[in-house]
Amino acid sequence: MDGAHRRDGELLTIGAFARASRLSPKALRLYDELGLLTPVHVDPCSGYRHYAPAQLERARLVAWLRRLGMPLARIREVCELAPDAAAGAVAAYWAQVEADVAARRDLAAFLVDQLKRKDTTMARPLDPATPLTMRCAALTDRGLVRTAQQDAAYAGPHLLAVADGYGPRGGPAATAAIEALRPLADRDLTAADLLTVLEEAARDAHRAAPTADEATGSTLTALLRSGARLALLHIGDSRAYVLRDSGLVRLTHDHSLVQSLIDEGRLTPAEAPSHPQRALLLRSLDAGVDFAPDLQLLDARPGERYLLCTDGLTGVVPPEEIRAALAGAATPQQAVAELVRRAHEAGAPDNVGCVVADVVTEGEGA
């Protein structure tokens with residue numbers, strides 16, 4: 001090693017260290033600013049950075065982890081671990097990556113299926129009188145930590161809904177949201193009416209949202225059925241899923257700060273549960289914010305199983321466990337009980353609300 005590559009006998013200049021570690025000087029400066037790879041010496045006059053040869057192992061690990069796509073905050077944690085623990089952390093990260101890829105694969109399969117159905121429908125329209133019904137069950141649970149219940153749920157053959165209240169009057173807000181929709185369960189609606197009446201009922205709930213000195217409101221996720229057509233309304237971070245041949249597919253997108261950070265690539269799904277602002281909503285039924293729900297129409301088919309749930313479930317039970325619980329339960333009643341049980345096993349730090357519904361042909365089974 002020549003003198004240009006040394007300082008104080010052993011230190012490498014940033015250029016020499018960059019070449020040896022296969023990291024660019026720009027990346028090294030960034031990692032220094034983040035406290036991820038700090039030089040052992042910085043010239044007080046020029047600001048020039050120098051590194052010890054012993055830092056090359058850490059630098060190469062950082063480079064490999066970046067190639068895996070691991071976010072810098074998580075890389076910092078891995079680099080501070082002993083080798084065995086670091087290996088476990090990398091394995092856990094990659095398992096999450098594979099789970100995310102699997103979820104996207106399931107979503108792609110769902111979209112392909114939906115588009116094929118639309119093409120079939122254009123050639124052979126769905127019979128609006130298709131004799132379908134839904135067998136369903138709803139269950140709410142206070143959890144193991146919260147002292148109050150702020151989740152509400154409803155399940156009927158024409159209407160499914162969950163709501164998760166927050167703030168000093170969150171419980172009444174969630175109950176009011178469900179009550180605003182309940183009259184729809186008894187109305188004789190056509191498929192063309194579904195979205196309009198569902199949105200209007202939810203808008204009434206938004207207008208009636210309680211006001212308080214602190215933010216108070218509720219999420220709302222609901223499905224309204226007429227024949228084989230389903231209208232889905234969603235606002236907040238409760239969720240809707242469908243289990244079908246293509247797997248468990250998430251039908252909703254969270255209206256939360258954490259989800260927006262994931263969408264922007266600034267946060268990974270694995271980091272979301274521990275984010276300090278994970279409960280901050282960007283949209284909800286709240287008198288202080290605009291009413292802006294997501295709305296969509298779906299075609300139901302016999303054999304599908306739908307799940308609506310609050311984040312008290314999804315925040316602690318991973319998607320693969322939710323899928324296993326839904327796939328393994330013989331009835332919706334057994335499914336909601338199993339989901340709540342798994343939330344309890346995970347500590348149930350929040351209220352849990354869930355609705356499960358099976359789409360069946362009228363008169364099928366008992």
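Cut-offs used in this document
- Residues numbered from 1 in each chain as written.
- Predicted model: local features only at pLDDT ≥ 70, side-chain atom pairs only at ≥ 80, totals over all residues.
- Heavy atoms only, no water.
- Buried < 20%, exposed > 50% of the residue type's maximum accessible area, 1.4 Å probe, protein only.
- Helix = DSSP H or I, 4+ residues; strand = E, 2+ residues; numbered from the N terminus.
- Pairing = 2+ DSSP bridges.
- Axes fitted to C-alpha atoms, helices over the stretch in contact; angles between N-to-C directions.
- Contact = heavy atoms within 4.5 Å.
- Phe/Tyr/Trp six-rings, centres within 6.5 Å; stacked < 30°, edge-to-face > 60°.

Trainee: I tried to follow the pairing of strand 10 (residues 239-244) on my own but got confused; where do I start?
Mentor: Residues in a regular strand project their side chains so that they alternate between the two faces of the sheet. The buried fraction of strand 10 is high, at six of six residues. Summarising the sheet, strand 10 and strand 13 (residues 305-309) pair through five bridges and their orientation is antiparallel. Residue pairing for strand 13: Leu243 is matched across the bridge by Arg305.

Trainee: Would you explain the pairing of strand 14 (residues 352-361) in this entry?
Mentor: With nine of its 10 residues buried, strand 14 lies for the most part within the structure. Pairing between strand 4 (residues 132-141) and strand 14: 10 bridges, direction antiparallel. Opposite Ala137, over in strand 14, you have Val356 as the bridge partner. As defined by bridge partners, strand 13 adjoins strand 14 across five bridges and the pair is classed as antiparallel. Bridge pairing links Arg305 to Asp358 in strand 14.

Trainee: What's the story with the sheet that holds strand 14 in this structure? I'm lost.
Mentor: In any sheet, the strands associate via hydrogen bonds between backbone groups, in a parallel or an antiparallel arrangement. Across the sheet, five strands lie side by side as 4-14-13-10-11; this open sheet has antiparallel pairing. The open sheet has two free edges, formed respectively by strand 4 and strand 11 (247-250), since each of these has just one partner strand. Neighbour-to-neighbour, the strand axes of this sheet turn through a mean angle of 20°, independent of strand direction. In the packing of helix 10 (residues 319-328) onto the sheet, contacts are made with strand 10, strand 11, strand 13 and strand 14, and the angle to strand 11 comes to roughly 120°.

Trainee: Please clarify how the packing of aromatic side chains should be interpreted in this entry.
Mentor: To describe a pair of aromatic rings, one takes the distance between the centres and the angle between the planes. Tallied over the full model, the rule gives one aromatic pair. With 4.3 Å between their ring centres and 10° between their planes, Phe17 and Tyr51 make a pair best called stacked. With Phe17 in helix 1 (residues 14-21) and Tyr51 in strand 3 (residues 49-51), this pair connects stretches of sequence that are 34 residues apart.

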